[in-house]
Amino acid sequence: MLSPLIPDIRHPKWIIVVKLLEIIASPRANKIAGRLKTYDKDKFLLSIKVLILSDLFERDISRLVSEINDYIALKRFLGLIQR
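Along every chain, residues carry numbers that run from 1 in the direction the sequence is written. For this predicted model, a pLDDT threshold of at least 70 governs which residues receive local features, and a threshold of 80 or more governs which side-chain atom pairs are given and counted, while totals over whole chains, interfaces and linings are taken from all residues. Calculated side-chain values reflect all of the structure's heavy atoms, with hydrogen atoms and water omitted.

Q: Any details on the confidence of the model for the protein? Residues and values, ideally.
A: Low-pLDDT stretches of the model should not have their predicted coordinates read in fine detail. pLDDT: the predictor's confidence for each residue, scored from 0 to 100. This prediction gives the protein a mean pLDDT of 87; 98% of its residues lie at or above 70. Across the protein, helix α4 (residues 61-70) holds the top mean pLDDT of 92, while helix α5 (residues 72-78) sits lowest at 88. Only DSSP runs of H or I reaching four residues or more are called helices, and only runs of E reaching two or more are called strands; each is numbered from the N terminus.

Q: Could you give an account of the packing of aromatic side chains, naming the residues involved and the relevant values?
A: Classification of ring pairs uses Phe, Tyr and Trp, with its six-membered ring standing for Trp, and accepts pairs whose centres are within 6.5 Å; under 30 degrees between planes counts as stacked, over 60 as edge-to-face, and the remaining range as tilted. Following the criterion strictly, the structure yields 2 aromatic pairs and no others. With centroids separated by 4.8 Å and ring planes inclined at 35°, the aromatic side chains of W14 and F57 adopt a geometry described as tilted. Here W14, found in helix α1 (residues 12-24), pairs with F57, found in the loop between α3 (41-56) and α4; they are 43 residues apart in sequence, far enough to count as distant. When its relative accessible area of 4% is taken as the criterion, W14 is described as buried. According to the relative accessible area criterion, F57 is buried, its value standing at 14%. Summarising the aromatic geometry, the rings of W14 and F77 are spaced 5.0 Å apart at their centres and angled 90° between planes, so their arrangement reads as edge-to-face. Placement of W14 in helix α1 and of F77 in helix α5 is noted, with a sequence separation of 63 residues between them. Partly exposed residues are those whose accessible area sits between 20% and 50% of the maximum for their type, while under 20% is buried and over 50% is exposed, using a 1.4 Å probe and protein chains only. By relative accessible area, F77 is classed as buried at 16%. Here a set of aromatic residues connected by ring pairs shows up, and it is made of W14, F57 and F77.

Q: Give a detailed account of a nonpolar patch on the surface, specifying residues and quantitative values.
A: Like-charged residues are merged into a patch within 9 Å and nonpolar side chains (Val, Leu, Ile, Met, Phe, Trp, Tyr) within 5 Å, provided each residue has over 30% relative accessible area and no salt bridge. Only the protein chains shown count as covering a residue, and every accessible area follows the Shrake-Rupley method with a 1.4 Å probe. Each salt bridge in this description consists of a side-chain nitrogen of Lys or Arg and a carboxyl oxygen of Asp or Glu lying within 4 Å of one another. Side chains of I16, L20 and I23 sit close together on the surface and give an oily, nonpolar patch of about 260 Å² of accessible area. Mapped onto the elements, L20 comes out in helix α1. Classification of L20 by relative accessible area gives partly exposed; the value is 30%.

Have a look at this one:
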């Protein structure tokens, strides 16, 4: 059984995740998503974030989504709720 994902910005993998999420949350990424004519840009960018976390931490997407729903710290980290 895998341990739950707990955001720790001192861990090397989480440092990579922080940098990638900053790029995905940038205005430029939002503009690119708009050019792709996606229906909902926010959901599109969130799905990219989930895919990156899933790949870096080698988790199934369904398991990762349930972890995001269960842990408030992970929701805050992904920017789903305000701090």
